[in-house]
Amino acid sequence: MAPDTVSLRYFLVLAQELNFTRAAARIGIAQPALSARMRRLERQLGTALLVRDTRNVVLTPAGTALAESAPPALAALDRAWDTARRAGAGELGTLRIGYSLSAGAETAPTLVDELIRSSPGLEVSAVPMATPEISPAVADGRIDAGITRGEQPGRGVRRYLLRRARIGVQLAENHPLAEHAEIEIAAAAAYPLRLPDRAANPVIHDQLAALFRDTHPRFLTPTVSFDMAQRDLRDGLTLAPVGEAAVTTAPPGITWRPLQGAPSLTLHLVLPREQSPLHRRVRAIAKTLAHELQWLSD
């Protein structure tokens, strides 16, 4: 017969107090109820645990053995129970997150750090991926979650708005337009505009390009995506339409200014359509983080 763990815990209190009155008061039950629990525990074991008289309680050899062996067994049971509860709450396991490079400047690291901080039993790995690959990878289970710029197309996933970011332009600190707190779209379009290859993120590429639809822009695609040198920007030859995350990643000599009247860029958390407790926990933590950091403020 499986042990009655409640009665076993009561027995350990009694074994410490060696007095029914004090033990019952410490547990918070009536003394007759404690006595009934002890008799039932002895019947389950088929042996006496206590020798009682009107004043004293003495442990039998079986009682002494149980008092010594039960605490580590109960501690192990508590750990097993807690492990099962945490796994059911999505606090344990392995979480694989894919993120677009543009989300890696601030958004992805902030979310990963919060997931690790709030769930010490969760092993989190995050890898940069090409944006068009993220939603399919979430859908087929190659990764558990994704962070993308723009509402990327894809079946078998759910997308949750994680962050809004102003659209602006990167430009040289000594560029004439850098004197303005905000830059008009038409003024920016007077210079060649540096856009990454459309294949890297068609949704965002098309959104940025559409801003300049009525201004006859000149778009340039750098030979190397995410060129760290950005010489054409530093030399004042081009401007680069980007989100405000560029403020935190701009190399020396380059600054960022918002575009006047431009809509926001969006970042989305991508999760599978059928979600486990782990997915729901990621969603809850992301939602709380977005609120605390005002990522969705207009």
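Anything mentioned here points back to the structure above.
Residues numbered from 1 in each chain as written. Predicted model: local features only at pLDDT ≥ 70, side-chain atom pairs only at ≥ 80, totals over all residues. Heavy atoms only, no water.

The subject of this paragraph is the pairing of strand β11 (residues 254-258). Taking burial as the measure, the five residues of β11 include four buried ones, the bulk of the element. In the sheet, strand β7 (residues 167-172) pairs with β11 via five bridges, with the strands oriented antiparallel. Paired with Q170 across the two strands is W256, which belongs to β11. (Buried < 20%, exposed > 50% of the residue type's maximum accessible area, 1.4 Å probe, protein only. Helix = DSSP H or I, 4+ residues; strand = E, 2+ residues; numbered from the N terminus. Pairing = 2+ DSSP bridges.)

In this model, the second largest pocket occupies a volume close to 150 Å³. Lining the second largest pocket we find eleven residues, and of these R164, E244, Q294, W295 and S297 sit closest to its centre. Of the residues assigned to the lining of the second largest pocket, the class counts are three nonpolar, three polar and five charged. (1 Å grid on protein atoms, 1.4 Å probe; cavity = no way out; pocket = protein on both sides within 12 Å on 5 of 7 lines; lining within 4 Å. Points joined across faces, edges and corners; volume = space filled by probe spheres on them. Nonpolar A, V, L, I, M, F, W, Y, C, P; charged D, E, K, R; others polar.)

Moving on to helix α6 (residues 131-139). Residues of α6 that are buried: T131, I134, S135, A137 and V138. For α6, the buried positions fall inside an angular range of 165° around the axis, keeping them on one side. As for α6, its buried residues are in contact with β3 (93-99), β5 (145-149), β6 (157-165) and β12 (265-272). (Arc of directions from axis to C-beta. Contact = heavy atoms within 4.5 Å.)

Moving on, we get to the sheet that holds β5. In spatial order, the strands read β4-β3-β5-β12-β6; together these five strands make up an open sheet with mixed pairing. Looking at the sheet topology across the chains shown, the edges are occupied by β4 (122-128) and β6. In this sheet, adjacent strand axes meet at a mean angle of 20° when their direction is disregarded. Across eight bridges, the pairing between β6 and β12 is antiparallel. Bridging across to β12, A165 finds its partner in L265. (Axes fitted to C-alpha atoms, helices over the stretch in contact; angles between N-to-C directions.)

What follows covers unusual backbone geometry. Most of the time, phi is negative for any residue but glycine, and the peptide bond is trans. One non-glycine residue, L18, lies in the positive phi region at around 50°. Mapped onto the secondary structure, L18 falls in the loop between α1 (5-17) and α2 (20-27). At H216, a position not held by glycine, the phi torsion is positive, near 55°. Within the element layout of this structure, H216 appears in the loop between α8 (202-211) and β9 (219-220). Relative accessible area serves as the criterion here: at 73%, H216 is assigned to the exposed category.

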